[in-house]
Amino acid sequence: MAEGTRSLRGGSPASSPVLGGRGRAALVAAAGSSPPGHGFRRVTLTKPTFCHYCTDFIWGLAGYQCEVCNFMSHEKCLKNVKIPCSCIAPSLVRVPVAHCFGPPGHYKRKFCTVCRKSLESPAFRCEVCELHVHTDCILFACSDCRQCHQDGHQDHDTYHHHWREGNLSSSARCEVCKKTCGSSEVLSGMRCEWCGILAHAACYIIVTPECTFGRLRSMILPPSCVQLFSRNFSKLHCFRISENLQTESDEDDDVDGSTQGSAKDVQISTDSSKQTLKIFDGNDAVKRNQFRLISVPRIAKNEEVVEAALRTYYINDDQQEYELQTFTQQALLSDDVINRNDAAEDSNLGSVFRESVPEAWIIRAKPKDEEVIRIYPAWLKVGMAYVSLRVNKHSTTQTVIKEVLPLLGRQTECLQNFKLVEVLMGSKQVQRMVLDNQELILNRLKDIRKTSIRQMNQTRFYIVENSKSIVRVNLFVGGLPPQLTPEEYTNILKDELAIKTNVVSVSHVYQAQGAVVLEISCFSEAERIYMLVKDTTVNDKPLNAVVIPEVMASKIPQNCCPLLVFVNPKSGGLKGRDLLYSFRKLLNPHQVFELTNGGPLPGFHTFSKVPSFRVLVCGGDGTVGWVLGALEEIRHKLVCSEPSVAILPLGTGNDLGRVLRWGAGYSGEDPYSILISVDEADDVLMDRWTILLDAEEPAEGAENGVAEPEPPKIVQMNNYCGLGIDAELSLDFHHAREEEPGKFNSRFHNKGVYVKVGLQKISHTRNLHKDIKLQVDQHEVELPTIEGLIFINIPSWGSGADLWGSESDNRFEKPRIDDGLLEVVGVTGVVHMGQVQGGFRSGIRIAQGSYFRVTLLKPIPVQVDGEPWIQAPGQIIISAAGPKVHMLKKSKQKQKKTGSLKEMRADSMSVSEGGR
């Protein structure tokens with residue numbers, strides 16, 4: 001970053017532990033202990049105010065406030081302030097990583113990271129880290145997000161703590177001094193966004209810099225094991241976050257946010273001694289009409305206005321290095337801003353403003369004959385953060401490289417092996433540009449400042465080794481016709497997407513699912529295919545594309561068993577969306593997959609080479625069955641062919657979740673505690689069953705009365721299969737939900753609809769025993785008078801009811817979920833079902849076995865794990881489905897109450913609150 005005369009506001013980024021600067025970089029530190037980058041002034045307090053350093057109330061009428069970032073402090077705390085000002089935050093970034101912003105929203109009890117004020121208006125939050133920022137402050141947030149994967153830039157295997165200030169629970173406790181470090185009144189306290197440890201601003205400096213990922217280390221997919229080339233893709237695409245999160249275009253958001261936000265902070269003054277000025281920071285701001293408003297006295301010197309303009313753009317440089325130009329005339333001003341006619345400074349002339357129409361001004365940097373720039377080594381292994389170098393009007397990129405290499409201990413190497421890269425560290429995107437060897441550095445700095453003073457503050461120069469970069473983008477494409485050959489899939493993609501086979505190849509084929517994985521060696525081609533897939537249909541079925549990372553299994557530590565998380569955001573009253581946010585924060589976002597974006601297959605493919613992993617499914621029983629079915633189909637392509645599966649129940653019934661002790665349904669528990677429970681869960685086996693549906697007659701509604709019988713269909717069963725009244729109620733509920741899906745967003749409402757459709761059927765009679773025949777293990781079974789027949793695999797049915805009953809019976813074995821047997825139970829009607837669910841009765845025990853044949857004599861409602869339909873007359877055969885599946889059963893043992901665990905829980909509560 002360019003540096004001229006040292007700012008009067010003082011401070012040194014090299015002294016920050018975030019950089020870990022040593023050696024030559026440490027020489028950059030300024031003498032004394034002035035607060036890093038802040039410009040404090042004494043202010044009169046007009047409302048209750050808290051100190052941002054110690055979080056205590058500021059008694060009296062006077063406090064000290066930073067004129068740039070609004071940091072408030074007691075006078076006694078000033079000498080201890082270690083938190084840097086927002087104006088020098090870009091210089092403290094260790095590895096530039098852009099943030100992943102979702103749509104603006106309202107976030108209670110949160111504070112802006114840039115201006116430190118409460119988020120009372122719509123604001124942005126990063127979906128990957130705990131950064132919250134106002135809409136008008138987003139331009140000034142730097143790219144300091146978590147590095148969740150390697151992308152060929154500044155990759156390293158040793159991870160330091162990634163500290164984020166504030167927005168902690170008020171009960172959070174410091175890891176060092178064990179005292180409370182959180183606050184609900186101000187932005188205070190520090191938290192590592194990987195391991196989750198908490199500390200005061202004064203304490204986190206002494207914490208060991210290396211991060212071990214904390215209590216969840218065995219479940220987290222280490223960032224050094226993940227590779228993703230993502231230059232042309234947005235962060236939302238990289239982390240597979242749904243497109244519907246995006247709102248208007250970035251440009252529109254930026255313009256509106258910058259203009260309206262500034263007006264929010266600086267109202268048009270009604271004080272006759274004040275005036276409001278529009279300030280642009282360069283040509284780019286003028287083009288986009290992005291201005292900031294400042295309020296200054298009508299009798300204002302040039303220096304005062306320039307300093308106020310720099311403050312509003314979070315620039316801490318010396319104001320004497322800058323000047324103002326009028327927006328209309330583009331002419332340099334005299335020493336006195338008010339005096340347009342070169343009058344003397346002490347002349348008392350009129351206002352810069354015409355009475356109600358603000359005038360616009362542009363900040364310009366004065367030309368320099370030489371200045372000091374910082375050069376950062378891209379490989380991060382030389383023992384220093386950066387080196388400072390003085391450049392003049394004759395300095396070119398090549399001369400800079402020649403002077404820098406000896407300072408980095410690489411003087412013996414050839415200059416042609418290195419290049420100088422300009423990096424713009426914007427909050428939404430990190431942009432890189434290789435500088436030409438003959439480009440004049442001072443001219444380049446001049447161009448950047450002319451474009452935007454703010455961008456100059458966010459720009460760095462890296463010296464990078466020349467190496468032949470290998471581009472490999474993996475794109476999962478689903479929605480294709482199933483059961484085709486690789487050549488046929490390639491031909492379809494050629495016809496529909498016009499893929500270039502010289503840079504695109506099909507690396508994996510999933511024929512049963514109709515999906516392929518493309519390996520693309522060109523960024524622009526990858527982006528073109530990704531955008532084109534969204535608008536492409538094959539056989540009237542839309543295609544879908546997902547950018548997937550590459551997991552380098554050889555780098556995964558031996559004691560690491562990462563957790564693959566699937567979340568259905570439509571389940572559980574839309575609580576899935578909050579869980580997605582929380583799990584992305586607690587784990588590596590690359591191990592969290594949204595099921596509405598390509599289904600389970602992209603997740604299993606990403607983890608296909610991982611030697612050992614577990615799965616957490618967040619959704620209802622239908623979602624669990626979907627994931628288990630996909631696992632069964634892809635099992636032979638996984639190195640870990642039998643991963644254990646845990647459940648976070650988000651559905652209405654959640655019978656499988658109840659049996660495995662995960663509860664009747666998620667009701668806002670701490671996501672961190674859920675992950676701990678998954679880590680401590682016990683591995684159990686569970687039977688799965690295959691149901692063959694073979695219709696002997698054509699389906700109803702055939703045209704002209706002529707139709708072929710439906711082809712045989714195979715479905716998988718985990719919980720239960722129902723025929724008759726049970727399936728009929730499920731079918732009516734399913735139809736009601738399809739008509740008005742927006743109303744079915746809570747378990748209470750869903751169960752109410754079940755009750756309503758049940759009451760409507762209470763007077764109906766259906767002699768099911770006359771319409772079907774049952775054969776169990778090759779033996780005919782006579783059916784009693786019933787209206788519903790249910791095959792159960794687990795001891796929970798219809799939201800926790802025990803349909804089989806607990807009474808001992810010498811005719812049957814005691815049911816277990818891994819005994820290789822199904823229990824067959826009958827119900828006599830809606831009233832009987834209500835009595836079973838109320839715990840007053842159990843079902844009619846009919847049979848127990850491992851092979852079943854049901855003959856349907858007429859069309860009958862059937863449901864499997866909550867998915868209902870009308871089955872035409874024919875045969876239904878139920879048999880065991882291959883190997884048993886490994887499930888995780890929540891342990892009865894209580895968690896160990898260690899101090900650090902309590903602190904982590906308290907902090908994770910703040911994470912889950914942010915998700916809500």
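Our subject in this report is the structure included herewith. (Residues numbered from 1 in each chain as written. Predicted model: local features only at pLDDT ≥ 70, side-chain atom pairs only at ≥ 80, totals over all residues. Heavy atoms only, no water.)

**Here we look at the overall build of the protein chain**
The helix and strand tally for the protein chain stands at 19 helices and 44 strands. Scored against the burial criterion, the 916 residues of the protein chain give a buried share of 56%. For the protein chain, long-range pairs separated by at least 24 residues make up 71% of all intrachain contacts whose partners lie at least 6 apart in sequence. (Helix = DSSP H or I, 4+ residues; strand = E, 2+ residues; numbered from the N terminus. Buried < 20%, exposed > 50% of the residue type's maximum accessible area, 1.4 Å probe, protein only. Contact = heavy atoms within 4.5 Å.)

**Topic: the sheet that holds strand β34 (residues 720–724)**
Strand order across the open sheet formed by six strands is β39-β38-β37-β34-β41-β42, with antiparallel pairing between neighbours. Of all strands in the sheet, those with a lone pairing partner are β39 (844–849) and β42 (867–871), marking the two edges. Sheet twist, expressed as the average angle between the axes of neighbouring strands with direction ignored, equals 20°. Across five bridges, the pairing between β34 and strand β37 (residues 788–792) is antiparallel. Residue pairing in the sheet places Gly724 in a bridge with Gly788 of β37. (Pairing = 2+ DSSP bridges. Axes fitted to C-alpha atoms, helices over the stretch in contact; angles between N-to-C directions.)

**Brief notes about the nonpolar core**
Membership of the largest hydrophobic core comes to 146 residues, with the highest contact counts inside it found for Val133, Phe583, Phe604 and Leu616. In this structure, Leu616 is in contact with Leu563, Leu564, Val565, Phe566, Phe583, Ala646, Ile647, Leu648, Leu675 and Val678, ignoring residues within four places of it in sequence. Counting residues in each nonpolar core, the second largest holds 30 residues, with Phe233, Leu480, Leu484 and Leu497 among its members. (Core = buried A, V, L, I, M, F, W, Y, C linked by side-chain atoms within 4.5 Å.)

**A few points about the state of the cysteines**
Note on terminology: a disulfide is the covalent bond linking the sulfur atoms of two cysteines. With the rule as written, the count across this model stands at zero disulfides. Free cysteine: Cys145, not disulfide-bonded; nearest cysteine sulfur from Cys126 at 3.7 Å. No disulfide involves Cys148; its sulfur sits 6.1 Å from the nearest other cysteine sulfur, which is in Cys145. By relative accessible area, which is 2% here, Cys148 ends up buried. (Disulfide = S-S within 2.5 Å.)

**Examining the sheet that holds strand β8 (residues 190–192)**
The antiparallel open sheet is built from three strands, whose spatial order is β7-β8-β9. Since the sheet does not close on itself, it has two edges, and those belong to β7 (163–165) and β9 (198–199), each with one partner. With two bridges connecting them, β8 and β9 associate as antiparallel partners. Paired with Arg191 across the bridge in β9 is Leu198.

**Description of helix α8 (residues 486–497)**
An α-helix turns once per 3.6 residues; consequently, residues spaced three or four apart project the same way. For α8, built from 12 residues, the straight-helix expectation of 16 Å at 1.5 Å per residue is met to within 8% by its first-to-last C-alpha distance of 16 Å. The complete set of buried residues in α8 reads Tyr489, Thr490, Ile492, Leu493 and Leu497. The arc that holds the buried residues of α8, viewed along the axis, is 160°, so those residues lie on one side. More than 90 degrees from the buried face of α8, the exposed residues found are Glu487 and Asp495. Residues of α8 that are buried make contact with β21 (504–510), β22 (515–520), α9 (523–533) and β23 (537–538). Looking at the residues trailing α8, positive phi occurs at Ala498, about 50°. (Expected span 1.5 Å × (residues − 1). Arc of directions from axis to C-beta.)

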